[in-house]
2 protein chains.
Amino acid sequence: MRVTKDPEVRKGELIEAAEVLFREEGYRQTSVSDIVKKVGVAQGTFYYYFQSKDEVMDAVVDHYIDSYRRALEALLARGDVDPCRKVEIVANTALALHRYDPRLAEFLHAEENLATHQRYIQKSIRVVTPLIVAIVEQGKAAGTFDVEYPRESVEMMVYAFMYLADAVAEAGNQGRYRQTIQAAEDILARVLGIERGRLRLDPSAAGSVLPLIHARQAEPEA
Amino acid sequence: MRVTKDPEVRKGELIEAAEVLFREEGYRQTSVSDIVKKVGVAQGTFYYYFQSKDEVMDAVVDHYIDSYRRALEALLARGDVDPCRKVEIVANTALALHRYDPRLAEFLHAEENLATHQRYIQKSIRVVTPLIVAIVEQGKAAGTFDVEYPRESVEMMVYAFMYLADAVAEAGNQGRYRQTIQAAEDILARVLGIERGRLRLDPSAAGSVLPLIHARQAEPEA
């Protein structure tokens, strides 16, 4: 007997399957038939929701950005987390992006996907920046940060950290890697008007919101 | 009688003519025959030096970058210019790029030229950044700047100022424009460890190296 699912649920299943396949097998190696096979539906069902593999890629990235947004909203709402710690989490996330999802990074850095990459960067900055500004304003209101231009400071740092994420990903030797991280700590402390040393960055998955984004099946944090 | 010119001189004339036409008429509106007509040579001469209009565009941008490099080298060598003033000039130049050459900016911001644009950005950053680092290190040695990580600070600021240049170009109303400039002054002062107010930005042509780059026919400064 055929079970007719809610269209949104079905669409979500296709996006989720595509996300897993893109991450595990790579974007180019994944075909539409791989995606439908994983979900157990016909090709026609895929094309009912998406015009192409590109379109499901857009949906996958929208899903990433949306999860990131929700993670930042949750972080913003936490009254028990110190503003410095919140900024550390956001900065670690920015620095770890490449390493957490190397296949997505590889896809986005291919020259033929440059327009897609730029579109994703612009979109995520638009969604994410206001929440980081809100976190910085929270810290300013609490007297922790001494920032005169929260919006511009955050926007400039978001761009600077995109460069840093590349530098961190490329830093082969440990010395260069440590130096880049320490420089990021130093500059963030200056921009936020806090004492050097109150902020420690470590772009390992532990201190970032990324595991939260990926572990959708996981239980909510206690 | 036909005058045979030095090949490098001829090539330079073609690049110069292309540069003027691209700036005045726009890249898309300029054809190879417009370029050769302006120089007064046959089409074959153009194709002896360049494979396509794209290739002469690359040469035009290389020329820009090279002029920018020479202007920064001259600035670095000036013993009579205060380090803060040097940084102001560099920052004003970065902020004014779009406005000085709107047609080039328009060309580079078209989606079909994204790969070209990215290549130019990477190339100019590679050429220009070490010189700005040298300027900051000069100011540090003179005791003007209090910077712990000159290289990383400059690299982060170069990226942040690319965003700022877009923001400044888009800031329609004067209030938003002033706020962006003041935020840039504030953040630069923090990163360089100088007192707020020692640095004043004004991305008009006056305080930037751009007129120097464009006015190649002009007399050298006394």
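Above this text sits the structure in question.
Residues numbered from 1 in each chain as written. Chains lettered and ligands numbered in written order. Predicted model: local features only at pLDDT ≥ 70, side-chain atom pairs only at ≥ 80, totals over all residues. Heavy atoms only, no water.

A.B. asks: It is not clear to me how the overall build of chain A should be interpreted in this structure. Could you clarify?
C.D. replies: Tallying secondary structure elements over chain A gives 10 helices and 0 strands in all. Starting at the N terminus and walking to the C terminus, you meet the elements of chain A as α-α-α-α-α-α-α-α-α-α. Within chain A, contacts between residues separated by at least 24 positions form 67% of all contacts whose residues are at least 6 apart in sequence. In the form shown here, chain A has an accessible surface area of approximately 11300 Å², with 51% of it arising from carbon and sulfur atoms. (Helix = DSSP H or I, 4+ residues; strand = E, 2+ residues; numbered from the N terminus. Contact = heavy atoms within 4.5 Å. Areas by Shrake-Rupley, 256 points an atom, 1.4 Å probe, with all protein chains shown as cover.)

A.B. asks: Just to check I follow, could you spell out the environment of A189(A) for this structure?
C.D. replies: Residue and element names in this part refer to chain A. Examined against the element boundaries, A189 turns out to sit in helix α9 (residues 174-192). Take A189: its relative accessible area is 3%, and that puts it in the buried class. With 174 residues separating them in the primary sequence, A189 and I15 have C-alpha atoms 39 Å apart. Not counting residues within four places of it along the chain, the set of residues in contact with A189 comprises I194, E195 and R196. (Buried < 20%, exposed > 50% of the residue type's maximum accessible area, 1.4 Å probe, protein only.)

A.B. asks: Help me understand the side chain of T144(B) in this model?
C.D. replies: Residue and element names in this part refer to chain B. Relative to the helices and strands, T144 resides in the loop between α7 (114-141) and α8 (150-170). The class for T144 is buried, based on a relative accessible area of 17%. What T144 contacts, discounting residues up to four positions off in sequence, is P83, C84, G139, G193, I194 and R198.

A.B. asks: Explain the packing of helix α4 (residues 53-77) of chain B against α7(B) to me, please; I cannot follow it from the model alone.
C.D. replies: Relative orientation and spacing of two packed helices are given, respectively, by the angle between their axes and the distance between those axes. Residue and element names in this part refer to chain B. One can describe the packing of α4 onto α7 by two numbers: an axis separation of 10 Å at closest approach and a directional angle of 5°. Taken as axis vectors, α4 and α7 run roughly parallel relative to one another. Residues M57, D58, V61, D62, I65, Y68, R69, L72, E73, L75 and L76 of α4 form the contact with α7, whose own contacting residues are T116, R119, Y120, K123, S124, V127, V128, L131, I132, A134, I135 and Q138. When its residues are assigned to classes, the contact of α4 with α7 shows 14 nonpolar, 3 polar and 6 charged. (Axes fitted to C-alpha atoms, helices over the stretch in contact; angles between N-to-C directions. Parallel < 35°, antiparallel > 145°, perpendicular 65-115°, else oblique. Nonpolar A, V, L, I, M, F, W, Y, C, P; charged D, E, K, R; others polar.)

A.B. asks: Is there a simple way to explain the pattern of salt bridges in this structure?
C.D. replies: Side-chain pairing between opposite charges can occur once the charged atoms of the two side chains come close. Under the definition given, this model contains 32 salt bridges over all chains. With its nearest N and O atoms 3.4 Å apart, the salt bridge here joins E19(A) to R23(A). Of the two residues, E19(A) and R23(A) both sit in helix α1 (residues 7-25), 4 residues apart, roughly one turn of that helix. What makes R23(A) partly exposed here is its relative accessible area of 29%. Here R200(B) ties to E185(B) by a salt bridge, and the two come within 2.9 Å at their closest N and O atoms. Placement of R200(B) in the loop between α9 (174-192) and α10 (210-214) and of E185(B) in helix α9 is noted, with a sequence separation of 15 residues between them. Each of E185(A), D186(A), R190(A), R196(A) and R200(A) takes part in a single network of salt bridges with overlapping partners. (Salt bridge = Lys/Arg side-chain N within 4 Å of Asp/Glu carboxyl O.)

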